[in-house]
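Close look at the chain arrangement
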Amino acid sequence: MLYRVPRAILQQSEIFGSILQNYEASGSLYVNGITTQEMDAFLEVSDAREVTGDDHFTLEQWLDALATADRLGIPRIRSYVTKKAQGALNCLDPFDCIDIATKYRVYEWLVQPYVRICERPESLSPAEMLRLALERASAVCRVREKLFAEKYQSTKYWIANKWPGNSSRHNSSSSEPPWEEMEKAILAEQAAKGHSLVRRETVLSRPNFPSPGVEPPVYTVPQGTPHPKYSQTDLREMKVGSSLYQLPTRYFERPDLLGETPSGKGSSSQSDDLLMLPHDVTVYDWNTFLDIVTARARRYILRRIETNFSSQNPIDLLEAAEIAGAPDSPWLQGLYKTLSERKDSLSPEDLGRIGKKASTEVLKLRDQYMWSSGQKGRRDVL
């Protein structure tokens, strides 16, 4: 199967990155050891990360993408998959999780399943010991022994020091320990202790994974069938100022990625139609857009703004949310509150920048704040 993979993805490769520097743009690479299913999953996940923002994949798809990222030597995609697949793994049997983490050489996936095994009431069965092998089974037993011993001591300590019935201010004969509260406290303490003990057992948390064998690329490409989605040659031409740009047609198949085209035809427009962006979009603006977001989903942009620019002027942040069409995002409530309590009123420019929805919320909160401040006799807000 033939694929047309964005050059920017392969340039991240630790295997192919240096090769591409002196390689013809129209040339092809052949890579052994990757199935069609794995390559499809890899490109879908890559698109989700860079373009669509959707990440609702099955565990099998995540693992197929991880296998391809390993084979191509792209650590950024590997790291992305490692984090995203963690939730799905937590729903599996812990021994299955360990097998998967070992197969794909992911240390981050090892600690949690071992903690689950060490915290459970049942000891290891013969079959489970065989599955872990003796060295790891021994380490699991050591952790379990320490946890169970300390659990008893934790119970004694809690009753002796934290049970109100043992206080001189209480009659110990008339009160019974709150068992439910004690159990929650001890379980939380045990979980933290379990994670610490498992991490100390390097045979469990940091085993010696075998290095994957990496074969050099073959430059003679065997005959194959073009992939229906990822081997397309159709490009949509766009003009910004006096500069021309070309993007894959599939980027225009969803209006939420690049927006509706001025003609309103969306993906039904002919690929040879020249798309003219509004005159107020400069080349600099468009270059910045492509460099930073590469047509990523708006909610991804908002997540980055929320995380990286939390100390920015609230007006700037609300304006970004208005542009992105996300006035109901939960993190905006804190911005509304901040603006509602500032001394200066919102100017017409402020209201225009943050939009109607945010303006309504902020003004409502400012009314309440001013009313409350007046009741308290505060003069500094006037």
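Quick note: structure is the one above.
Residues numbered from 1 in each chain as written. Predicted model: local features only at pLDDT ≥ 70, side-chain atom pairs only at ≥ 80, totals over all residues. Heavy atoms only, no water.

The next subject is helix α7 (residues 94–104). What α7 keeps buried is the set P94, F95, C97, I98, I100, A101 and Y104. Its side-chain oxygen placed 2.9 Å from the backbone nitrogen of F95, D93 serves as the N-cap of α7. R105, located one to two residues past α7, shows a positive phi value of around 60°. (Buried < 20%, exposed > 50% of the residue type's maximum accessible area, 1.4 Å probe, protein only. Helix = DSSP H or I, 4+ residues; strand = E, 2+ residues; numbered from the N terminus. Polar contact = N/O pair within 3.5 Å; in protein donor to acceptor, adjacent residues only side chain to side chain.)

Now for a nonpolar patch on the surface. Taken together, the side chains of L244, L274 and M276 make up a nonpolar region of the molecular surface, amounting to roughly 290 Å² of accessible area. Overall, the relative accessible area of 51% leaves L244 in the exposed class. (Patch = residues over 30% accessible without salt bridge, like charges linked within 9 Å, V, L, I, M, F, W, Y side chains within 5 Å. Areas by Shrake-Rupley, 256 points an atom, 1.4 Å probe, with all protein chains shown as cover. Salt bridge = Lys/Arg side-chain N within 4 Å of Asp/Glu carboxyl O.)

Of all hydrophobic cores here, the largest spans 53 residues; its most connected members are F42, V81, W109, Y114, L132, V140 and V198. Tallying contributions element by element places helix α4 (residues 59–72) first for this core, with 8 residues. Aside from chain neighbours lying at most four places away, what touches V140 is Y114, I117, C118, L124, L132 and L204. L302, Y336, I354 and A358 belong to the second-largest nonpolar core, a separate cluster that totals 15 residues. (Core = buried A, V, L, I, M, F, W, Y, C linked by side-chain atoms within 4.5 Å. Contact = heavy atoms within 4.5 Å.)

Attention shifts here to the pairing of strand β2 (residues 243–248). Bridge count between strand β1 (residues 235–240) and β2: 6 bridges; the pairing is antiparallel. Looking at β2, one finds that M238 is bridged to Y245. Adjacent in sequence and paired antiparallel, β1 and β2 are bridged by 2 residues, among which G241 carries a positive phi angle near 60°. (Pairing = 2+ DSSP bridges.)

Our focus in this paragraph is the pairing of β1. On a regular strand, one side chain projects to one face of the sheet and the next to the other, so that they alternate. Residues R236, M238 and V240 of β1 are buried on one face, while the alternating residues L235, E237 and K239, pointing to the opposite face, are not. Taken together, the 2 bridges between β1 and strand β3 (residues 275–276) define a ladder with parallel strand orientation. Counted as the bridge partner of K239 is M276 from β3.

Once that is clear, we can look at the packing of aromatic side chains. Tallied over the entire structure, the rule returns 3 aromatic pairs. Here the aromatic rings of Y107 and F209 are separated by 4.7 Å at their centres, their planes lie at 25°, and the arrangement is stacked. Of the two residues, Y107 sits in the loop between α7 and α8 (111–119) while F209 sits in the loop between α12 (202–205) and β1, which places them 102 residues apart along the sequence. Owing to a relative accessible area of 14%, F209 belongs among the buried residues under this scheme. Members of the aromatic cluster, each reached through a chain of ring pairs, are F57, W62 and Y80. Lying over the aromatic face of Y107, R206 brings its terminal NZ or CZ to 3.8 Å of the ring centre. (Phe/Tyr/Trp six-rings, centres within 6.5 Å; stacked < 30°, edge-to-face > 60°. Lys NZ or Arg CZ within 6 Å of the ring centre and 35° of its normal.)

The subject of this paragraph is the packing of α4 against helix α5 (residues 75–84). When two helices pack together, their arrangement is given by the angle between the helix axes and the distance between those axes. Interhelical geometry of α4 versus α5 gives an angle of 155° and a closest axis separation of 9 Å. Considering their axes alone, α4 and α5 lie roughly antiparallel with respect to each other. Our pair here, α4 against α5, has a crossing hand that is left-handed. Judged by residue contacts, W62, A65, L66, A69 and D70 of α4 engage I77, R78, Y80, V81, T82 and K84 from α5. Split by residue class, the contact of α4 with α5 holds 7 nonpolar, 1 polar and 3 charged. (Axes fitted to C-alpha atoms, helices over the stretch in contact; angles between N-to-C directions. Parallel < 35°, antiparallel > 145°, perpendicular 65-115°, else oblique. Left-handed = near helix turned anticlockwise from the far one by under 90°. Nonpolar A, V, L, I, M, F, W, Y, C, P; charged D, E, K, R; others polar.)

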